[in-house]
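Now for the letters of each chain:
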Amino acid sequence: MDGRDLILETRALRRRFVTRKPLFGPPVEVRAVDGIDLRVRRGETFAIVGESGCGKSTLARMLVRLIDPSEGAIRFENRDITRLEGAELREMRRHLQFIFQDPFASLNPRMTVGALLEEPLRAHGIGTPEERRARVAELLGRVGLLPQHASRYPHEFSGGQRQRIGIARALAVSPKVLIGDEPVSALDVSIQAQVVNLLQDLKEEFALTLIIIAHDLAVIRHMADRVGVMYLGQLVEVAPADQLFTRPRHPYTEALLSAIPVPRVGAKRAARALEGDPPNPIDPPSGCRFHPRCPYATELCRTTVPELAIGADGASVACHRAQELTLEGLAAEGGGRSPDAEKRFALYRARRSEREGANPSSPSQLTEI
Amino acid sequence: MAETTTNTPARPGRLREFWRYFRENRGAVIGLYVFAAFVALALGADLIAPHDPTVQDRTATLLPPAWSEGGSWSFPLGTDPLGRDILSRLLHGARYSFFVGIVVVVIAATGGILLGLIAGFAPKWLDTIIMRIMDIILSFPSLLLALVLVAILGPSLLNAMIAIAIVLQPHYVRLTRAAVMTERTKDYVVSARVAGAGRARLMFITVLPNCLAPIIVQAALSFSNAILDVAALGFLGMGAQPPTPEWGTMLAEAREFILRAWWVVTFPGLAILITVLSINLMGDGLRDALDPKLKRS
């Protein structure tokens with residue numbers, strides 16, 4: 001896997017929404033996504049985190065062209081897809097599929113599961129009816145459902161099952177990139193682990209590239225190779241997951257990490273809780289957008305916009321004081337567990353892979369985070 | 001668990017659920033039975049009717065119903081001024097009424113749903129054009145507009161039906177467009193787009209089935225409207241032409257005998273009343289059962 005092989009990238013991607021159009025004067029605009037340069041490598045799991053309203057969902061929808069960008073370019077496999085229309089757009093979507101947040105809203109209640117899974121195949125004219133039916137059965141099996149389930153309606157399934165149907169539907173046309181807009185946040189915690197594990201298994205099996213939007217950092221730490229942190233429509237830090245969690249370089253990342261509850265007796269909590277609400281994106285602050293809430297802000301931050309600078313270690317951060325600050329992250333992965341617990345987990349994992357070897361289609365109930 | 005329930009088909013489940021909600025409304029069930037009885041009578045009119053509806057018996061003009069003085073059981077509901085059996089005419093008239101109802105609803109609903117779908121999916125300028133035209137049609141009193149249309153097309157049952165269908169159509173357009181607007185922003189529609197569904201598939205296969213419940217209710221209610229309007233046009237001489245045994249036309253023909261022979265106007269009037277009432281009751285039940293906004297739980 002070539003680390004430099006970019007599968008999806010965006011250049012200065014922007015999206016503005018008009019919120020109010022007065023009779024006179026210029027319309028009031030929200031800059032939901034404001035200049036994002038994203039580079040996603042083939043085969044990695046890239047996560048985008050940020051608080052509500054920071055533009056993550058808009059970004060995800062722009063990547064599949066469900067929302068058209070106002071400015072900037074999206075390139076998929078070195079091809080500009082920003083302005084594709086009609087048949088070309090459809091062909092492109094074959095390779096870029098989307099998983100929705102709410103499994104209750106994203107499946108047509110009037111279609112059977114079989115018809116839902118067949119729809120993308122039919123739309124792209126893949127296979128004969130028999131081949132498609134076989135493919136539907138195969139997909140159902142792959143996500144841990146039975147072939148007989150094809151004749152049922154979505155309302156007969158639980159949330160986790162529905163989300164797996166949504167994943168199977170996205171997989172039907174053998175995409176190269178799977179974009180998940182909060183794919184697990186509508187599910188129970190126990191079911192979340194199931195779906196997360198399924199996504200990871202599928203990623204390896206089909207050599208997928210995953211782009212996961214989330215606000216749950218625990219899920220991200222478990223899944224992602226690299227993480228991009230968004231604040232008010234801009235990326236403030238992009239770094240490999242381990243590095244981001246243990247050595248954050250942007251004060252906002254530090255604040256996000258400090259909000260994760262630590263499941264350990266006597267755990268030291270960083271006193272870095274953010275104060276105030278995120279600023280209004282209609283009228284973003286001058287200079288660094290984070291400065292009104294940043295404990296380290298200086299005069300420079302108030303006046304000058306920091307650039308997203310690529311550091312020596314391949315991680316990039318948009319902060320004037322990134323070099324001088326030492327920020328507090330989380331303990332290294334696994335450090336939170338006693339050696340005994342670690343041993344038990346290892347055993348459990350071994351058992352699980354043994355069992356999965358015998359029956360690969362059963363989704364595991366493992367709730368390791 | 002999966003194995004035991006896999007073979008339960010979903011279809012009867014939905015029908016049974018519909019019936020459960022429908023049955024709660026007593027009036028709707030009565031309406032359904034009355035409506036079914038009328039349909040049966042209309043279908044069997046040839047067998048049940050004692051006389052030919054257009055044959056005149058000169059020896060028995062304006063005969064009162066059988067149970068009143070001077071009546072005869074060979075004309076159970078009496079005869080009209082030309083000596084035709086009112087019962088036979090009512091039975092055959094029922095056919096016209098249901099025929100009119102079905103045809104009008106089919107024309108109005110098909111056109112209305114199509115226009116509504118287009119308006120819901122179209123760019124704003126086309127949507128505006130369609131909806132303003134519908135607003136203009138709705139701003140006329142419906143019977144007046146139908147009268148004008150019939151005057152242009154020429155009086156006949158077929159033209160009356162076309163006119164009424166045009167008058168009823170805007171309701172379907174509005175209803176469909178509103179339903180499409182709320183449905184099309186939902187995730188499952190976006191998901192169909194991601195799956196590669198084309199515009200036509202999105203309109204007819206993804207969105208339309210999810211908008212049908214209020215449209216079905218509207219269809220049932222406008223069925224009675226159509227019957228009423230055709231009767232009204234017939235009464236004004238602009239609908240079915242004599243000697244067609246259409247209920248409204250029968251009323252018009254008998255108008256001058258209202259004071260002398262009450263039965264010539266009462267029975268056609270009652271027939272219209274009962275049919276329309278039963279359909280409206282049934283429509284209310286349909287609404288209770290199908291409209292998600294009125295559903296409990």
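Below: a short report on this structure. Note that the coordinates shown come from a computational prediction; the quantities given were computed from them, not determined experimentally.

**A short note on the overall build of chain B**
Part 1 of the argument: What chain B contains, in helices and strands, is 12 helices and 0 strands.
Part 2 of the argument: In chain B, the succession of helices and strands from N to C terminus is α-α-α-α-α-α-α-α-α-α-α-α.
Part 3 of the argument: By its C-alpha atoms, chain B is 75 × 55 × 30 Å across when sized along the principal axes.
Part 4 of the argument: Burial status across chain B gives 41% buried among its 297 residues.
Part 5 of the argument: If you take every contact in chain B between residues at least 6 apart in sequence, the share linking residues at least 24 apart comes to 70%.

**A few points about the packing of helix α5 (residues 86-121) of chain B against helix α12 (residues 263-290) of chain B**
Residue and element names in this part refer to chain B.
Part 1 of the argument: Viewed as axis vectors pointing N to C, α5 and α12 meet at an angle of 35 degrees, and their least axial separation amounts to 11 Å. When you trace α5 past α12, the crossing you get is right-handed. From α5, I86, L90, G93 and S97 reach across to α12, where they touch W263, V264, F267, P268, A271 and T275.
Part 2 of the argument: Taken together, the residues of the contact of α5 with α12 sort by class into 7 nonpolar, 3 polar and no charged.

**Here's the deal with unusual backbone geometry**
Part 1 of the argument: The omega angle of the peptide bond from P242 of chain B to P243 of chain B is 10 degrees, so this bond is cis rather than trans.
Part 2 of the argument: Positive phi is not limited to glycine here, since N78 of chain A has a value of about 65 degrees.
Part 3 of the argument: Inspection of the secondary structure assignment puts N78 of chain A in the loop between β4 (71-76) and β5 (79-80).
Part 4 of the argument: In this model, A207 of chain A sits at a positive phi of 50 degrees, which is unusual for a non-glycine residue.
Part 5 of the argument: By the secondary structure assignment, A207 of chain A is in the loop between α6 (189-206) and β8 (209-214).

**Observations regarding the interface of chain B and chain A**
Part 1 of the argument: On the chain A side, the residues contacting the 17 residues of chain B number 24 residues.
Part 2 of the argument: Elements that contribute at least two residues to the side of chain B that touches chain A include exactly α9 (187-194) and α10 (199-235) of chain B.
Part 3 of the argument: The biggest single contributor to the side of chain B that touches chain A is α9 of chain B, with 7 residues.
Part 4 of the argument: Of the residues in the side of chain B that touches chain A, the class split is 9 nonpolar, 5 polar and 3 charged.

**Describing the pairing of β8 of chain A**
All names here are of chain A.
Part 1 of the argument: Most of β8 sits out of view: 6 of its 6 residues are buried.
Part 2 of the argument: Where burial is concerned, the two faces of β8 agree: the one with T209, I211 and I213 and the one with L210, I212 and A214 are both buried.
Part 3 of the argument: Pairing analysis gives 5 bridges linking strand β3 (residues 45-49) to β8, with the strands arranged parallel. Looking across to β8, one finds that I48 is bridged to I213.
Part 4 of the argument: The pairing of strand β7 (residues 177-181) with β8 spans 5 bridges and is parallel. Each bridged residue has a counterpart across the sheet, and for V177 the counterpart in β8 is T209.
Part 5 of the argument: Crossover handedness for the path β7 to α6 to β8: right-handed.

What counts, and where the lines are drawn
Residues numbered from 1 in each chain as written. Chains lettered and ligands numbered in written order. Predicted model: local features only at pLDDT ≥ 70, side-chain atom pairs only at ≥ 80, totals over all residues. Helix = DSSP H or I, 4+ residues; strand = E, 2+ residues; numbered from the N terminus. Buried ≥ 20, exposed ≤ 12 C-beta atoms within 10 Å, placed from the backbone. Contact = placed C-beta atoms within 7 Å. Axes fitted to C-alpha atoms, helices over the stretch in contact; angles between N-to-C directions. Left-handed = near helix turned anticlockwise from the far one by under 90°. Nonpolar A, V, L, I, M, F, W, Y, C, P; charged D, E, K, R; others polar. Pairing = 2+ DSSP bridges. Right-handed = clockwise from strand over helix to strand, strands pointing away.

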